[in-house]
Amino acid sequence: MYPTRRHVLTGGTAAALVATLASCRSSGDSDGSPTVDYAWWSSPENDAAILAAIEKFEADHPEVTLEGEATPWDGYWDKLATMSAGGNPPDLIQMSERYLLEYGQREALADLRSVDDIDLSNFDEETLRLGESSDGVLYGIPGGLSTFVLAANVDLFAQAGVDLPDDTTWTWSDFYEISAALADSGIVGAGYGIGIESLHPWLRQHGETMYNADGTAAGFSVEVLTSYLEHLLTLQENGGPTADQVSEDAAVPAEAGLFGTGEQGMDWAYSSTLGDLAPAADAEMRLLCIPSQTGKAAEAGMYLKGSAFHSLSAHSDPEPQAAAGQFIDFMINSADIVQEFGMFFGVPPNPDVVDAIAPDLTPMDQHVLEFVDELRENLTTDTPGPSPSGAGNVQGIFERDVLDMLYGRGTASETAEKILEAVNNELG
Amino acid sequence: MGRRPTRDRRPLSARDKKEERAGFAFLSPWLVGLFVITIGPMAASLYLSFTDYSFLDSPEWIGLENYQRLFSDTRFHQAIGVTFRYVIVSVPLQLVVALLVAIVLDRGIRGLALYRSAFYLPSLIGGSVAIAILWRQIFGADGLVNWALALIGIEGRSWIANPDTALGTLIVLNVWTFGAPMIIFLAGLRQIPAMYYEAAGVDGAGVLRRFWNVTVPILTPIIFFNLILQLIGAFQAFTQAFIISGGSGAPSDSTLFYTLYLYMEGFGNFSMGYASAMAWVLVVIIGAFTLINFIASKYWVFYDD
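Criteria and cut-off values
- Residues numbered from 1 in each chain as written.
- Chains lettered and ligands numbered in written order.
- Predicted model: local features only at pLDDT ≥ 70, side-chain atom pairs only at ≥ 80, totals over all residues.
- Heavy atoms only, no water.
- Domains from an automatic or database assignment.
- Contact = heavy atoms within 4.5 Å.
- Buried area = accessible area lost by both parts, 1.4 Å probe.
- Salt bridge = Lys/Arg side-chain N within 4 Å of Asp/Glu carboxyl O.
- Polar contact = N/O pair within 3.5 Å; in protein donor to acceptor, adjacent residues only side chain to side chain.
- Helix = DSSP H or I, 4+ residues; strand = E, 2+ residues; numbered from the N terminus.
- Buried < 20%, exposed > 50% of the residue type's maximum accessible area, 1.4 Å probe, protein only.
- Expected span 1.5 Å × (residues − 1).
- Bend = angle between axes of the 7 residues up to and from the residue.
- Nonpolar A, V, L, I, M, F, W, Y, C, P; charged D, E, K, R; others polar.

### Here we look at the domain arrangement of chain A
Residue and element names in this part refer to chain A.
Here's step 1: Per the domain assignment, the segments of chain A are domain 1 (3–143 + 306–366) and domain 2 (146–304 + 382–427).
Here's step 2: The C-alpha-based centres of domain 1 and domain 2 are spaced at 29 Å.
Here's step 3: In this assembly, 20 residues from domain 1 lie in contact with 20 residues from domain 2.
Here's step 4: Taking both sides of the interface into account, the surface hidden between domain 1 and domain 2 amounts to around 1600 Å²; carbon and sulfur atoms contribute 49%.
Here's step 5: Here domain 1 and domain 2 share zero salt bridges between them.
Here's step 6: Summed over the shared surface of domain 1 and domain 2, the number is three residue pairs in polar contact (both at pLDDT 80 or more).

### Some details on the pattern of salt bridges
Here's step 1: Enumeration according to the criterion identifies 17 salt bridges over all chains in this entry.
Here's step 2: Measuring nitrogen to oxygen at the nearest pair gives 3.7 Å for the salt bridge that ties R376(A) to D124(A). Here the residue R376(A) occupies a position in helix α15 (residues 363–378), and D124(A) occupies one in the loop between α4 (100–104) and α5 (125–129), the gap between them amounting to 252 residues.
Here's step 3: The exposure class assigned to R376(A) is partly exposed, which follows from its relative accessible area of 24%.
Here's step 4: Several salt bridges share partner residues, and in doing so they unite R400(A), D401(A), R75(B) and D253(B) into one network.

### Considering helix α10 (residues 207–235) of chain B
Here's step 1: Counted at 1.5 Å a residue, the expected span for α10(B) with its 29 residues is 42 Å, but the 35 Å between its end C-alpha atoms falls short.
Here's step 2: Considering bend angle alone, the principal kink of α10(B) is centred on T220(B) and spans about 55°; proline P221(B) follows within four residues of it.

### What about the interface of chain B and chain A?
Here's step 1: Each partner contributes to the interface: chain B provides 37 residues, whereas chain A provides 30 residues.
Here's step 2: Across the chain B to chain A interface the summed buried area is about 3000 Å²; carbon plus sulfur atoms make up 57%.
Here's step 3: The interface formed by chain B and chain A holds two salt bridges in total.
Here's step 4: R409(A) is paired through a salt bridge with D164(B); the nearest N and O atoms lie 2.3 Å apart.
Here's step 5: Taken together, the connections running from chain B to chain A amount to 12 residue pairs in polar contact (both at pLDDT 80 or more).
Here's step 6: Taken together, the elements giving at least two residues each to the side of chain B that touches chain A come down to α4 (112–125), α8 (179–190), α10, α11 (239–244) and α12 (258–268) of chain B.
Here's step 7: The greatest single-element share of the side of chain B that touches chain A, amounting to four residues, is contributed by α10(B).
Here's step 8: Looking at the side of chain B that touches chain A, its residues break down into 18 nonpolar, 13 polar and six charged.

In structure tokens:
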């Protein structure tokens, strides 16, 4: 009887919990009926839309069979790494900006410009740069565009008797003041947005970048990082959540967190998530530009981010790869398909498609669309390319060390030293 | 640990050889499993532990570099600290609870089978996803524990979210899954002849005296067996921390078990070579602990044969 050992084994299988959605079908090889393996990270809404897209594509291309495999985010990357190591990667891969170069630079992903049938004529340079290496290889095309900004729960502002700020002119001290005023009404003021996405604009505001030019080290100084951490501590004094609340929030999906359940007035969020957050909190919500040092939104360092990239394995046979290319074209250029997804991954990058689906969007999605469109015109910051190899763990470093600091286990400058060293270790 | 009989080394006759072949044929399913599923991957991981292997590239020999890196990796030291604390606190606690419950059940209460199953149940679900949710309901800010504390006027905090107490909740979880050692203890208790207790009773020994001077000494081989098993299991603990911390060792690495860090380095960070080196260091650690216990056992384990 070795029950403990058995625990470990069952645990392993639980960890690799995988929902295989498509039934097994006989795989056709090079007889003109290719089978394309397609892997994506799953969520209920996402899965339904992708399966619908697969069905439509197969109806149009009866010779092609798409075998989909959906895995929850956490297990997805382990599984993709294992499949790649075993020489059996999926043909069609949903990629995150964080891992695009990790795989691309190890020659696991195909250059999408070299694949026929993917029509990129409607995509501007900015959009394509999101999935491009510095030497111009296109490893992925974003399924949607979003930006990481502040979201405000309009109902809670009203209840607290606090006016919504003019987000084109507000500064950080306005931000602290509003957060503190919200907290006075018995709710939590504003969240910290701990990590890469909120640090990024802060660095821009101080003339620094997240990574150095060749992606081998952090691009910021310990002084500016310290100022960012001090800013978080200032917020903690001004209505920010307690360390316990941050820790509990980190363990649940956004919809179940403080902001998602209507207990917090403002939080950092991807613009694309507002469509899910607003109904969860049962409140009206608005996106706000990030505060700046100078009171000019154009100097706030906001930037566009791509999500749910479509990528192709570099190791596929020609036939499945060509069919997978056709599917990507379908996913990015067919209004009929994008309709299925709506704004789930953010604003669809093809403007023609956006025009086609805009009339059917919910009011919340239309607000997000307008916000991102306006931002796109006023962005002064260059769109950053994909994160460098090794960046996959950087977010985890911030979450760990900032939480420690919020618990009072280190000063801002000690924490900054620790984070900088850890980040450089990951990238080096 | 009996004496091994000396083997007779006479040459094999044709018939013996045939029998030997048949023997191996019958063993083959097990042998295939041993070589393909156990020894093969172990050898591969030993080789990989001396390489820089990112999963996507082919491995590159770097000698002892991975092992040297362990000395300066502060996260690795954190993982060692967390794991040792977990092992040292949870294993003895779990054995004590298992033994006490086994003794109570051994009294011959009615519905023994039912109780035995009920106490064993947590061991079956201890590593399941449901536990992650249950544990948050119990140890969260609005959880059961704080509700109970509020009744007696104490304001609790989020036990599972706080880095100071998060590991404690995992220790409680491990202690709670005491079913397996309990069953083994129960079987051991059943084998103690009643005449020892009767004799001790005649000599005027009370309940405690009988426990310390009869039950415990006779049970030492069973205690030792359970200790070794639980020790090895606790060093390899993975599932609970993986599920409850969402695979990150959160909050603030306070539940970063050795195997969890190993897994994160290997599968999250593409450092398969480094993860393999860590795996071999863990083999050495567990081996050393087991060896120490076997040596120490000579002084406290009593074999009644």
